Amino acid sequence: MARNPVAQTAFGPMVLTAVEQNEPPARRLLDDDLAELFLPAPLRWLVSATRSAPIRRLMIRGSEWSGRGLWANLACRKRFIGDKLAEALGDIDAVVILGAGLDTRPYLLTRQIRMPVFEVDLPVNIARKVQTVRRVLGGPPLSVRLVALDLERDDLLTSLAEHGYHTEYRAFFICEGVTQYLTEATVRRTLEGLRATAPGSRLVFTYVRRDFIDGTNRYGTRTLYRSVRQRRQLWRFGLQPDEVADFIAPYGWRLVEQAGPDDLVQRYVAPTGRKLKASQLEWSAYAEKV
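- As annotated in an unreviewed UniProt entry, the chain carries the name S-adenosyl-L-methionine-dependent methyltransferase and is attributed to Mycobacterium saskatchewanense.
- The annotation that UniProt attaches to the chain under Function (unreviewed entry) is "Exhibits S-adenosyl-L-methionine-dependent methyltransferase activity."
- Under the Sequence similarities (unreviewed entry) heading, UniProt states for the chain: "Belongs to the UPF0677 family."

Below, the structure is given as structure tokens:
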């Protein structure tokens, strides 16, 4: 399978989720019994080693080398998105996950409710996901549709429609850990395409701060900056928290809630008693279509 530097980033969040399953329930930030199963064999072996608490602590501390606070960021953003989706389930007709990667959310969701779930990602990631779901579950549930496209080149709503999506759906759009990999023009074009979605639709997304993208503040993550900005230019787009409402408003979205790292740590990490800190680099936002 062809390698793509952006596509390869799909593994990290699922490794983190799988490792979190080895924490005692009261200390766990995420609950996901499929996470480890969705990983390829070498990463499953790595995760199994973290059943030992000292090795698990070592891995979490090691993650701080590339990006201080990013373990808490990734775990908390997943919790935030899960909470918002759970709150909205009675008011939506479909879920669309942009940049789905190896996310198990569609398959966990089918245990609770049957509604169309569209997983959107690069063709190489969709091919990998098809193989993974076939290996773990025997095949995707009928309610889950896998949509291969490149947001930089393809039209989102056209591709979704080809897989059974209707603009009349009050949809819940998830865009987790994706916007930084896109150009501003692509982010705006995606929002323009979503203008046709039904009122009452929801959008939850994460973003990195623009001052990190332009290099004026590296938020203590010099290694990460060298990797995603200087060497490979993987991250290309960012926003500042006070810009978000005005950025999405012209496309018909009203900002409902914005969650910064300190808020998320207080909400999700503090109750576990763990001493994890989050980076100010990444924020989460939740909006409704008006």
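Still more ground to cover, so stick around.
1. Some remarks on the pattern of salt bridges
Part 1: Counted by the stated rule, this structure contains 27 salt bridges.
Part 2: With a closest N to O distance of 2.9 Å, Arg274 and Glu20 form a salt bridge. With Arg274 in the loop between helix 12 (261–269) and strand 7 (282–289) and Glu20 in helix 1 (residues 11–20), this residue pair connects regions lying 254 residues apart in the sequence. With respect to class, Arg274 is no different from Glu20; both count as buried.
Part 3: Taking the shortest distance from any N to any O, the salt bridge between Arg153 and Asp150 comes out at 3.1 Å.

2. Notes on the nonpolar core
Part 1: If you look at the biggest cluster of nonpolar residues, it comprises 49 residues, and the most contacted ones within it are Ile92, Val95, Phe172 and Ile174.
Part 2: Element by element, the count of residues in this core is highest for helix 4 (residues 70–88), at 8 residues.
Part 3: In this view, Ile174 contacts Ile81, Leu85, Val95, Val96, Ile97, Leu98, Arg105 and Val204; residues no more than four positions away in its chain are not counted.

3. Some thoughts on the layout of surface pockets
Part 1: The computed volume of the second largest pocket comes to approximately 450 Å³.
Part 2: For the second largest pocket, the lining is made up of 19 residues, of which Asp31, Lys78, Gly82, Arg105 and Leu108 are closest to its centre.
Part 3: Elements supplying a minimum of two residues to the lining of the second largest pocket: helix 1, helix 4 and helix 5 (105–109).
Part 4: At 6 residues, helix 4 tops the list of elements feeding residues into the lining of the second largest pocket.
Part 5: For the lining of the second largest pocket, the residue count by class is 7 nonpolar, 4 polar and 8 charged.

4. Considering the packing of aromatic side chains
Part 1: Scanning the model with the defined rule gives 11 aromatic pairs in all.
Part 2: Both rings, one in Phe118 and one in Tyr165, keep their centres 5.6 Å apart while their planes meet at 80°; by these two values the pair is edge-to-face. With Phe118 in strand 2 (residues 117–121) and Tyr165 in the loop between helix 7 (156–161) and strand 4 (171–175), this pair connects stretches of sequence that are 47 residues apart.
Part 3: On the basis of relative accessible area, Phe118 is assigned to the buried category, the value being 0%.
Part 4: Judged by relative accessible area, Tyr165 falls into the buried class, the value being 5%.
Part 5: Three or more aromatic residues joined by ring pairs form one cluster here, namely Phe118, Tyr165, Tyr169, Phe173 and Trp253.

5. Points about the pairing of strand 7
Part 1: Here strand 7 lies mainly inside the structure; 7 of its 8 residues are buried.
Part 2: Sheet analysis places strand 5 (residues 202–208) next to strand 7, joined by 7 bridges and oriented antiparallel. Bridge assignment links Tyr207 to a residue of strand 7, and that residue is Trp283.
Part 3: Of the strand pairs in this sheet, strand 6 (residues 253–259) and strand 7 are connected by 6 bridges, and their pairing is antiparallel. Note on strand 7: the bridge partner recorded for Glu257 is Tyr286.

6. Quick notes on the packing of helix 4 against helix 12
Part 1: Where helix 4 meets helix 12, the axes come as close as 10 Å, and the angle between the chain directions of the two elements is 75°. The orientation of helix 4 relative to helix 12 falls into the category roughly perpendicular. Contacts from Asn73, Cys76, Arg79, Phe80 and Asp83 of helix 4 reach helix 12 at Pro261, Leu264, Val265, Arg267, Tyr268 and Val269.

Parameters and conventions
Residues numbered from 1 in each chain as written. Predicted model: local features only at pLDDT ≥ 70, side-chain atom pairs only at ≥ 80, totals over all residues. Heavy atoms only, no water. UniProt positions renumbered as here; feature names shortened; annotations may be inferred. Salt bridge = Lys/Arg side-chain N within 4 Å of Asp/Glu carboxyl O. Helix = DSSP H or I, 4+ residues; strand = E, 2+ residues; numbered from the N terminus. Buried < 20%, exposed > 50% of the residue type's maximum accessible area, 1.4 Å probe, protein only. Core = buried A, V, L, I, M, F, W, Y, C linked by side-chain atoms within 4.5 Å. Contact = heavy atoms within 4.5 Å. 1 Å grid on protein atoms, 1.4 Å probe; cavity = no way out; pocket = protein on both sides within 12 Å on 5 of 7 lines; lining within 4 Å. Points joined across faces, edges and corners; volume = space filled by probe spheres on them. Nonpolar A, V, L, I, M, F, W, Y, C, P; charged D, E, K, R; others polar. Phe/Tyr/Trp six-rings, centres within 6.5 Å; stacked < 30°, edge-to-face > 60°. Pairing = 2+ DSSP bridges. Axes fitted to C-alpha atoms, helices over the stretch in contact; angles between N-to-C directions. Parallel < 35°, antiparallel > 145°, perpendicular 65-115°, else oblique.

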